[in-house]
Amino acid sequence: MKKLLAILMCVLMTVAVFAACSAKPQQQSGGSKSDEAATSDVDTSEAEESTGLALDDAVIKDADAINLIKQYSAEELSLSEEDYAACSFMISGNGETLENDKYVKVIATIKNEQKNGDNVSYTFDIKGEYYIRFDGKQLLKKNLETGEYTEMELKAVPTQDTTVAAESSTEAASEEETTE
């Protein structure tokens, strides 16, 4: 009987632990005025940046974000021609908050291989940082020396859907020419 009770208690405790770990944190829906005054002076941008934002709500993300940045010239991206040719463009796994807006971060990097005997390691030399607002209506370029952001003129986003549509319309036009 004691063993059965001990096993039952262990099972219940395990279920409780898993339930607590999987529960979403509750949002504060009110509170006293003193609580609001105490928290209103706290800058949460660093906290949001460190935990990251899910990119699910972003209009332009993943390959589309990289393709958008690749449309710009080296001069427009403030990169040398040599750096532009050697750069790889990568998406930050999480979004970032800048001035109360959410952005997808695209980084221009150069991969450097470091050999130490049999060990090989890689470092990434960041050459540029670009931020696409989640709604897709603003593009910022970060000056890595000063930390200031400047707005860039937004070009049309080449999505996989538009690429497929453009290819199919080109194929249709070529078929039309061959039938005439």
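Everything here concerns the structure above.
Here goes a summary of the coordinates provided.

**As for the pattern of salt bridges**
The tally for this structure, following the rule as stated, stands at nine salt bridges. Here Glu129 makes a salt bridge to Lys105, at a shortest N to O gap of 3.9 Å. Here Lys105 lies in strand 3 (residues 101-116) and Glu129 lies in strand 4 (residues 119-133), a separation of 24 residues in the sequence. Judged on exposure class, the residue Glu129 and its partner Lys105 are both buried. Measuring nitrogen to oxygen at the nearest pair gives 3.2 Å for the salt bridge that ties Asp125 to Lys127. Overlapping salt bridges bring together Glu96, Lys105, Glu129 and Lys142 as one network.

**A closer look at the nonpolar core**
Most often, soluble globular proteins have nonpolar side chains that are buried together. In terms of nonpolar packing, the biggest core is built from 21 residues, with Ile69, Leu77, Phe89, Val104, Tyr130, Ile132 and Leu139 touching the most fellow members. Of all the elements in the fold, those that place two or more residues in this core are helix 4 (62-70), strand 3 and strand 4. Residues in contact with Phe89, not counting those within four places in the same chain, are Ile66, Ile69, Lys70, Leu77, Tyr84, Val106, Ile107 and Ala108.

**Considerations on the packing of aromatic side chains**
Counted according to the given criterion, the structure contains three aromatic pairs. Seen from their ring centres, Tyr84 and Phe89 are 6.3 Å apart, and the 65° between their planes marks the pair as edge-to-face. A residue is classified by how much of its surface remains accessible, and Tyr84, at 24% relative accessible area, is partly exposed. Taking 6.5 Å as the distance between ring centres and 90° as the angle between the ring planes, the aromatic pair formed by Tyr103 and Tyr131 counts as edge-to-face. On the criterion of sequence distance, the pair formed by Tyr103 in strand 3 and Tyr131 in strand 4 is long-range, its members being 28 residues apart. With respect to burial, Tyr103 and Tyr131 carry one shared label: buried. Here the basic side chain of Lys155 rests over the ring of Tyr72, its NZ or CZ set 4.6 Å away from the ring centre.

Parameters at a glance
- Residues numbered from 1 in each chain as written.
- Predicted model: local features only at pLDDT ≥ 70, side-chain atom pairs only at ≥ 80, totals over all residues.
- Heavy atoms only, no water.
- Salt bridge = Lys/Arg side-chain N within 4 Å of Asp/Glu carboxyl O.
- Helix = DSSP H or I, 4+ residues; strand = E, 2+ residues; numbered from the N terminus.
- Buried < 20%, exposed > 50% of the residue type's maximum accessible area, 1.4 Å probe, protein only.
- Core = buried A, V, L, I, M, F, W, Y, C linked by side-chain atoms within 4.5 Å.
- Contact = heavy atoms within 4.5 Å.
- Phe/Tyr/Trp six-rings, centres within 6.5 Å; stacked < 30°, edge-to-face > 60°.
- Lys NZ or Arg CZ within 6 Å of the ring centre and 35° of its normal.

That's the geometry; what it means functionally is another story.
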